[in-house]
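Chain and residue survey
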Amino acid sequence: DCSGLENTYQRDPFTYPEQSMWSTQMGRPAYAEFHFHISVAAQVGDFLMISAAPYEPTRSIFTLVESPIGQSISSQTTVKRAVANEITTVFGGAIHVRLLEALVPFRRYEVITSVVAPTAQAAQDHGGTIQWFLETRDFGALPTNTNDGNSREFPIVEEYLFVVTAVRSPPLAEIIVSLDVTPALASPTALRVIAPLGFNFTETCYGPGESQYISECVPGQPTPSGRSTAELTVRGAPAVGLQGAARGILVRVQSPSQTPVAREWFIEGIDVLSDRQLGWGQAAGIDVLPMQDTMAIYPGFTGVRSRIVWRFRTREMVQAGGYLDIRLPFGFAPECSAATVEAISLPVGGGCRVVNEATVHVFMNTTIVPREYVFAFYVTPPAAAPLFNELSIILRDPAGAVSDAAVSIPGSRILEKLRIREGQLLWTSTKANRVSTMTISFEVLESLPDLVVAPEQQIDEILITLPNDFVHLVEKPTDLQLMNENMPLRDVDYVDYFQKDRIRISLELNRSSWVTLKSGSYGFRFNVMVPSPMPTFNVWFISLCSPNYPEGCSQITDPAVMATFAMPGFNLGDPANGLTLTSGTDRRFSASVLWSFVLVMVGLCQN
């Protein structure tokens, strides 16, 4: 009196909200359910047989229960009693089950058996209605109970081969998605495409160009789970349907800020005249690809004006007149103008404009080509962490359309207990493959608070990171000159210079109430070898690290790093800017380092 065919997705609609709405695909596993009663008792040892060629029963699942008549099948209060049985054979499109308990006449029974639905070709070869037979048999020639194949036909549909690709898929951009779909035997006259959450079909989603398969594309109603849909009309419909593989159907969609968790795309084949689903398929989908190597580096000291250095690598080409749309957290008071923007490696001849407290536009008067770019301007972090502490950088063409982007970049930690600002970056030589003496520093504006006042904002280590291809020449502790004698160093092994692209200095603060970083300038002087060519990302870093991580900090992205100052380096041929640093020098090393410097300079003059 009741029957149905359920696919795997329909058993878990919460996990599969789209697939659970659709019919079972041909050639796929399914679960056939029947509710029946018998008029003649089936004894222990008799057989229950279920068949529906060309369906193929399997042994995966078989349940037989007695269910009281008059109660809803979906009712949670229905008390069902399992009927003992054992599967004997699964062969020739039929499953035979031996009854280990008798079936009583006129009681309602429910049976569920796993099957594999017929393929499209098998269903076509079968011809006509597929009938389901339920019979009980003893050892006689005829069944003791039968439904004579009198059951409704279950809807099954074709499985489509479906592939989704995109040449480019940056965040927040209008992109062109290519669809390849292959129906089986039936010819759909319309296609319904379902995109992942966050992708949205544009108002005119057709094209670009003419398609030999599709005549129109319009956005449809969203699915119950909120996915965007598009209705594609097959060219020549309703008289002609889509036959064979259709490749390169192009549609326009707006991409989300990042790849959604569920990235599958779906497609339905529909007969327009009967509004009947003929088949469906799913594709793995595409990744949203943000700008590569994107970084926004700045220290988050409350109320201290700081440089923010941006780095990004684009895959796109943007004609002259394009611009960068920078989005900052609220309260950062950006400063950017033609005079203050630092074009470290960016053609910014068009200037820079602060649109509002959270938006900066950097204009470019030359063509942007696919490569790495670096630039900087200034911000002043607020007194408290913003509610949404994220940054974004969007590369727009001259018309304002998104060409590339990186969004939701985590902002730096706001450090309200510390007041420290960037110091100087000095050098003695800018000639390729020569030694240059570098000085890098920071300035403590207010003495650091003790462990009681700011337990989460203590400094345990200082990390100096060189630009790519630079190599420091520190071979022993005395090769690193400390420019302030008041720096409380760790008693032993306070400097780690073994990695030639970075130097680590370990401190020992809070040993007593007077051992801390007092207000003043703290610098470090050491020799480096100048590379050729110079790196594009020509930025020096000095990072302040927390003591709460046993491994310390060996790179600027480590969790121990509380704040990083990013300082643009020199270009080959720039004038030297000397060694002057407004601070007392460390008397322990001044004589030896001065003599080393004299030797270096003599060597340079001789070369």
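Overview of the structure. Note that this is a predicted model, so its numbers are computed, not measured. (Residues numbered from 1 in each chain as written. Predicted model: local features only at pLDDT ≥ 70, side-chain atom pairs only at ≥ 80, totals over all residues. Heavy atoms only, no water.)

1. Thoughts on the sheet that holds strand E15 (residues 190-194)
If you walk across this open sheet you meet the seven strands as E2-E12-E21-E20-E15-E18-E17, and the pairing is mixed. The open sheet has two edge strands with one neighbour each: strand E2 (24-25) and strand E17 (214-219). (Pairing = 2+ DSSP bridges. Helix = DSSP H or I, 4+ residues; strand = E, 2+ residues; numbered from the N terminus.)

2. Details of the pairing of strand E26 (residues 351-356)
Summarising the sheet, E26 and strand E27 (residues 359-363) pair through five bridges and their orientation is antiparallel. By the bridge assignment for E27, Arg 353 is matched with His 361. Connecting E26 to the next strand, E27, in antiparallel fashion are two residues.

3. Some words on the environment of Glu 86
Tracing the chain through its elements places Glu 86 in strand E7 (residues 85-91). For Glu 86, a relative accessible area of 33% gives the class partly exposed. With 24 residues separating them along the chain, Glu 86 and Phe 62 place their C-alpha atoms 9.1 Å apart. (Buried < 20%, exposed > 50% of the residue type's maximum accessible area, 1.4 Å probe, protein only.)

4. Some thoughts on the state of the cysteines
Inspection of the entire model under this criterion finds three disulfides. Here Cys 336 pairs with Cys 352 through a disulfide, and the sulfurs are 1.8 Å apart. Taking the torsion about the sulfur-sulfur bond, which here is approximately 115 degrees, the covalent link between Cys 336 and Cys 352 counts as right-handed. Of this pair, Cys 336 sits in the loop between strand E24 (323-327) and strand E25 (342-345) while Cys 352 is found in strand E26, placing the two residues 16 residues apart along the sequence. Just as Cys 336 is buried, Cys 352 falls in that class too. (Disulfide = S-S within 2.5 Å.)

5. Observations regarding the packing of aromatic side chains
Following the criterion strictly, the structure yields 24 aromatic pairs and no others. Ring plane angle 25 degrees and centroid distance 5.5 Å describe the contact between Phe 312 and Tyr 373, whose orientation is recorded as stacked. Here the residue Phe 312 occupies a position in strand E23 (residues 306-313), and Tyr 373 occupies one in strand E28 (residues 372-379), the gap between them amounting to 61 residues. As far as the burial class goes, Phe 312 and Tyr 373 line up, both buried. An aromatic cluster of at least three residues, connected via ring pairs, comprises Tyr 9, Tyr 16, Trp 22, Phe 266 and Trp 280. It is Arg 305 that lies over the ring of Tyr 378; its NZ or CZ is 3.9 Å from the centre. (Phe/Tyr/Trp six-rings, centres within 6.5 Å; stacked < 30°, edge-to-face > 60°. Lys NZ or Arg CZ within 6 Å of the ring centre and 35° of its normal.)

6. With respect to the pattern of salt bridges
Scanning the model with the defined rule gives 31 salt bridges in all. Notably, a salt bridge pairs Glu 110 with Lys 80, separated by 3.0 Å at the nearest N-O pair. Residue Glu 110 is located in strand E9 (residues 109-116), and its partner Lys 80 is located in the loop between strand E5 (56-66) and strand E6 (81-82); the two are separated by 30 residues in the primary sequence. For Glu 110, a relative accessible area of 6% puts it in the buried group. (Salt bridge = Lys/Arg side-chain N within 4 Å of Asp/Glu carboxyl O.)

7. A short note on unusual backbone geometry
In this structure, Pro 208 follows Gly 207 across a cis peptide bond, with omega equal to 15 degrees. Looking at the element boundaries, Pro 208 is found in the loop between strand E16 (200-206) and E17. Between Ser 532 and Pro 533 the backbone carries a cis peptide bond, its omega angle lying at 0 degrees. Note on placement: Pro 533 falls in the loop between strand E38 (520-529) and strand E39 (539-545). The backbone of Ser 408 sits at a positive phi, close to 55 degrees, despite the residue not being glycine. Among the secondary structure elements, Ser 408 is positioned in strand E30 (residues 402-410). For Asp 493, which is not a glycine, the phi torsion comes out positive at approximately 50 degrees. Structurally, the position occupied by Asp 493 is in the loop between strand E35 (481-482) and strand E36 (495-496). A relative accessible area of 70% means that Asp 493 is categorised as exposed.

Function cannot be read off these values alone, since they describe shape.
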